[in-house]
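Inside the fold
Okay, here's what each chain looks like letter by letter:
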Amino acid sequence: SWYFVQPAVNITSGALTQDISAICYGDVNASYSPLARGNAGIVVIADPATAHHGALPLALDRNLALGSLSLELNIPEGVRVTGVRSMVGGELSWNEADGKVRLGWFSAEEVLVPAGQVAFVLETEITRNYDVANHEWTLGSVAEATDAWAVNYSQVGLRIPSLAAPKVAAYIAPQPVNQGDNIRLVLNLDRATTLELEVRDMLGRTVSPLRQVSAVAGAGELNLEGLSSGRYSILVKWTDGSGQRLNLPLLVR
């Protein structure tokens, strides 16, 4: 974005030249200033020791006086980003589109971020039954960290936990289901657990009361109440604090 001064100009006759000053702001990767840009300075370091999903902490591998960060990550298949939080203050914006999450952060004053401290948190969920354990986060076309003067840091490691999907097979039968019939949610769990079930319409509105059930390890099924015709999604959430969830499509005719 550009901010322009607005001088008062009086035109009488003849040619008139007027200089108008402007400043570019909000461009956290310094693309407006080629001299300030360096080589892309961020590399992703997957940390298999903290493999999980739900809230994923992002940390830098060295001490930085951070002024801005631009980051584009390719989202592993079967995963959706539902939120991004800054743990170091500053101004943050983010967006998810076309299988990528884009993050822009800046602070007018440099923020000292120690190595290993959680700087940002990605909120994620599993969108379907898919083993994401071997599918890591990768960088998109933008990956830069700068100081408060937009000078690019080089070779900064960004630590992101590896992903591990819940060890569960789940499907809805029959599919589609006839209006008025019970809906069978078939689960194959690797451990006994407590689940929360929520049925939502295509606008994301809850259409049935939140239901909490205890499920045993192994194969089993749950019956849900009949629904009117339409398209829905059934959200299955684990209540053990792991952040594990599944989002299963449902068609009622």
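As shown above, the structure is provided for reference.
Residues numbered from 1 in each chain as written. Predicted model: local features only at pLDDT ≥ 70, side-chain atom pairs only at ≥ 80, totals over all residues. Heavy atoms only, no water.

**Overview of the overall build of the protein chain**
Each helix and strand counted, the protein chain has zero helices and 18 strands in total. Considering the protein chain as a whole, with its 253 residues, one finds that 39% of them fall into the buried category. Taking all contacts inside the protein chain whose residues are at least 6 apart in sequence as the whole, residues at least 24 apart take part in 71%. Roughly 13800 Å² of accessible area belongs to the protein chain as shown, and the carbon and sulfur atoms make up 51% of that amount. (Helix = DSSP H or I, 4+ residues; strand = E, 2+ residues; numbered from the N terminus. Buried < 20%, exposed > 50% of the residue type's maximum accessible area, 1.4 Å probe, protein only. Contact = heavy atoms within 4.5 Å. Areas by Shrake-Rupley, 256 points an atom, 1.4 Å probe, with all protein chains shown as cover.)

**Quick look at a nonpolar patch on the surface**
Residues Trp-2, Phe-4, Val-5 and Ile-20 make up a contiguous nonpolar surface patch of about 430 Å² in total accessible area. Along the polypeptide, Phe-4 turns up in strand β1 (residues 2-4). With relative accessibility at 46%, the residue Phe-4 sits in the partly exposed group. (Patch = residues over 30% accessible without salt bridge, like charges linked within 9 Å, V, L, I, M, F, W, Y side chains within 5 Å. Salt bridge = Lys/Arg side-chain N within 4 Å of Asp/Glu carboxyl O.)

**Considering the packing of aromatic side chains**
Taken as a whole, this structure holds one aromatic pair when the rule is applied. Ring centres 6.1 Å apart and planes at 75° place the aromatic pair Trp-105 and Phe-120 in the edge-to-face group. Residue Trp-105 is located in strand β8 (residues 100-113), and its partner Phe-120 is located in strand β9 (residues 118-126); the two are separated by 15 residues in the primary sequence. Given a relative accessible area of 0%, Trp-105 falls into the buried group. Taking the relative accessible area as the measure of exposure, Phe-120 reaches 3% and is therefore buried. (Phe/Tyr/Trp six-rings, centres within 6.5 Å; stacked < 30°, edge-to-face > 60°.)

**Some thoughts on the sheet that holds strand β10 (residues 138-146)**
With respect to topology, four strands assemble into an open sheet ordered β7-β8-β5-β10, the strand pairing being antiparallel. A strand with exactly one partner marks an edge of an open sheet, and here the two such strands are β7 (91-97) and β10. Between one strand axis and the next, the sheet turns through 10° on average, direction left out of account. With seven bridges joining them, β7 and β8 adopt antiparallel strand pairing. By the bridge assignment, Ala-97 is partnered in β8 with Lys-100. (Pairing = 2+ DSSP bridges. Axes fitted to C-alpha atoms, helices over the stretch in contact; angles between N-to-C directions.)

**What to know about the pattern of salt bridges**
Under the criterion given, the structure shown has five salt bridges. Taking the shortest distance from any N to any O, the salt bridge between Arg-85 and Glu-123 comes out at 2.7 Å. One end of the pair, Arg-85, is in strand β6 (residues 79-86); the other, Glu-123, is in strand β9, and 38 residues separate them in sequence. Residue classification places Arg-85 among the partly exposed residues on the basis of a relative accessible area of 38%. What makes Glu-123 partly exposed here is its relative accessible area of 23%.

**Quick word on the sheet that holds strand β14 (residues 193-201)**
In a beta sheet, neighbouring strands are held together by backbone hydrogen bonds and run either parallel or antiparallel to one another. Read across the open sheet, the four strands follow the order β15-β14-β17-β18; overall the sheet is antiparallel. At either end of the open sheet lies a strand with only one pairing partner, and these are β15 (211-215) and β18 (245-252). Direction aside, the axes of adjacent strands within the sheet are offset by 25° on average. Pairing of β14 with β15, which is carried by five bridges, proceeds in the antiparallel orientation. Opposite Glu-196, over in β15, you have Gln-212 as the bridge partner.

**Quick word on the environment of Arg-102**
In this structure, Arg-102 sits in strand β8. With sequence-adjacent residues up to four places away left out, Arg-102 is seen in contact with Leu-71, Glu-72, Ser-93, Trp-94, Asn-95 and Ala-97. Reaching out from Arg-102, the side chain makes a polar contact with the side chain of Glu-72 at a distance of 2.9 Å. (Polar contact = N/O pair within 3.5 Å; in protein donor to acceptor, adjacent residues only side chain to side chain.)

**Section: the environment of Arg-205**
Relative to the helices and strands, Arg-205 resides in the loop between β14 and β15. C-alpha separation for the pair Arg-205 and Tyr-232, spaced 27 residues apart in sequence, amounts to 9.6 Å. Ignoring any residue separated from it by four or fewer positions in sequence, one finds Arg-205 in contact with Val-199 and Arg-200. At a separation of 2.8 Å, a polar atom in the side chain of Arg-205 contacts the side chain of Asp-201.

**Let's talk about unusual backbone geometry**
Phi is positive for Asp-98, close to 55°, though the residue is something other than glycine. Its location among the elements puts Asp-98 in the loop between β7 and β8. Here the phi dihedral of Gln-155 falls at roughly 55°; this positive angle occurs in a residue that is not glycine. Along the chain, Gln-155 turns up in the loop between β10 and β11 (156-161).

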